[in-house]
Amino acid sequence: EQPRLWNEHGVAMHQAGSVPAAAESYRRALRLDPRHALAYNNLGVALDDLGDHSAAREAFVRASEIDPSLIVARLNLARWLAGQRDPLAALTLLRELVAFHPRDAESWQIMGTVLQALDRTEDARDAFLRAIECRPSHAQARFALAVVLEKLGDHDAAARETQQALK
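Residues numbered from 1 in each chain as written. Predicted model: local features only at pLDDT ≥ 70, side-chain atom pairs only at ≥ 80, totals over all residues. Heavy atoms only, no water.

### Focus on the layout of surface pockets
Considered as a void within the structure, the largest pocket measures approximately 160 Å³ in volume. Considering the residues around the largest pocket, the lining is formed by R79, A82, R85, P87, Q109, I110, T113, V114 and A117. Those elements that place two or more of their residues in the lining of the largest pocket are α5 (71-83) and α7 (105-117). With five residues, the single largest contributor to the lining of the largest pocket is α7. Broken down by class, the residue content of the lining of the largest pocket amounts to five nonpolar, two polar and two charged. (1 Å grid on protein atoms, 1.4 Å probe; cavity = no way out; pocket = protein on both sides within 12 Å on 5 of 7 lines; lining within 4 Å. Points joined across faces, edges and corners; volume = space filled by probe spheres on them. Helix = DSSP H or I, 4+ residues; strand = E, 2+ residues; numbered from the N terminus. Nonpolar A, V, L, I, M, F, W, Y, C, P; charged D, E, K, R; others polar.)

Right, here's the structure in full:
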């Protein structure tokens, strides 16, 4: 009866496609350790997948409150906010994340996606460039940068980024 093991069981169930069983495993981990931030984060992902969006948000917020250094929980909350059509709130959260974790490629990549949705193309380009600077092999950021560069009319650079993403 270790919360870590129940959390890992939940991850395995989630990866196998059994999201309700995964959510139950995360809940079991949380009954054993109500301060298990990663289990709250994972429960939030499962709840969001199950369509319980408000409970997912609560789980992401709770994970972030328990462990403010758990970047993945704040990233998931930012993704959730963007998915719920609140890109400005997502952007605020992402700005906080990159201020404290300036080398986190995933934060920059998600920020670029949010900026792109806000039609802030140049800012999106800069965020994708930062993601790539932090992790040169970040294919998703490179593909997104290619799209932005194409939109900005830099077709040669867009083609180069697409090639880099495919490597």
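### Section: the side chain of E161
Note on placement: E161 falls in helix α10 (residues 155-166). When neighbours within four sequence positions are excluded, E161 is seen to be in contact with I132, R142, L145, A146 and L149. (Contact = heavy atoms within 4.5 Å.)

### A closer look at the pattern of salt bridges
All chains considered together, the criterion is met by 11 salt bridges. Taking the shortest distance from any N to any O, the salt bridge between E8 and R4 comes out at 2.9 Å. With a gap of four residues between them, E8 and R4 both fall in helix α1 (residues 3-15), about one helical turn apart. Among the ionic pairs, R103 bridges to E133, the shortest N-O distance being 3.6 Å. Of this pair, R103 sits in the loop between α6 (87-100) and α7 while E133 sits in helix α8 (residues 121-134), and the two are 30 residues apart along the sequence. Through salt bridges with shared partners, a single network forms among R79, E106 and R135. (Salt bridge = Lys/Arg side-chain N within 4 Å of Asp/Glu carboxyl O.)

### With respect to unusual backbone geometry
You will see that R85, though not glycine, has its phi angle at about 65°, which is positive. On the secondary structure map, R85 appears in the loop between α5 and α6. Classification of R85 by relative accessible area gives exposed; the value is 76%. A positive phi angle, close to 60°, is found at D119, a residue other than glycine. On the secondary structure map, D119 appears in the loop between α7 and α8. (Buried < 20%, exposed > 50% of the residue type's maximum accessible area, 1.4 Å probe, protein only.)

### Things to note about α6
Given a rise of 1.5 Å per residue, 14 residues ought to cover 20 Å, and the 20 Å separating the end C-alpha atoms of α6 matches this to within 8%. The inward-facing, buried residues of α6 abut α5 and α7. (Expected span 1.5 Å × (residues − 1).)

### Some words on the nonpolar core
L94, W108 and M111 are the most contacted members of the largest nonpolar core, which totals 52 residues. Sorting elements by how many residues they give to this core places α5 first, with seven residues. Other than its neighbours up to four places away in sequence, M111 contacts L91, L94, R95, V98 and A127. (Core = buried A, V, L, I, M, F, W, Y, C linked by side-chain atoms within 4.5 Å.)

### Some thoughts on the side chain of H14
Structurally, H14 can be placed in helix α1. Contacts of H14, omitting those with residues within four sequence positions, involve V19, A22, Y26, V45, A46 and D49.

### A short note on the packing of α5 against α6
Between α5 and α6, whose axes approach to 7 Å, the crossing angle comes to 160°. In terms of orientation, α5 lies roughly antiparallel with respect to α6. You can see that α5 and α6 cross each other, and the crossing is left-handed. Packed against α5, whose contacting residues are I71, R74, L75, L77, A78, L81 and A82, the element α6 presents P87, A89, A90, L93, L94, E96 and L97 at the interface. (Axes fitted to C-alpha atoms, helices over the stretch in contact; angles between N-to-C directions. Parallel < 35°, antiparallel > 145°, perpendicular 65-115°, else oblique. Left-handed = near helix turned anticlockwise from the far one by under 90°.)

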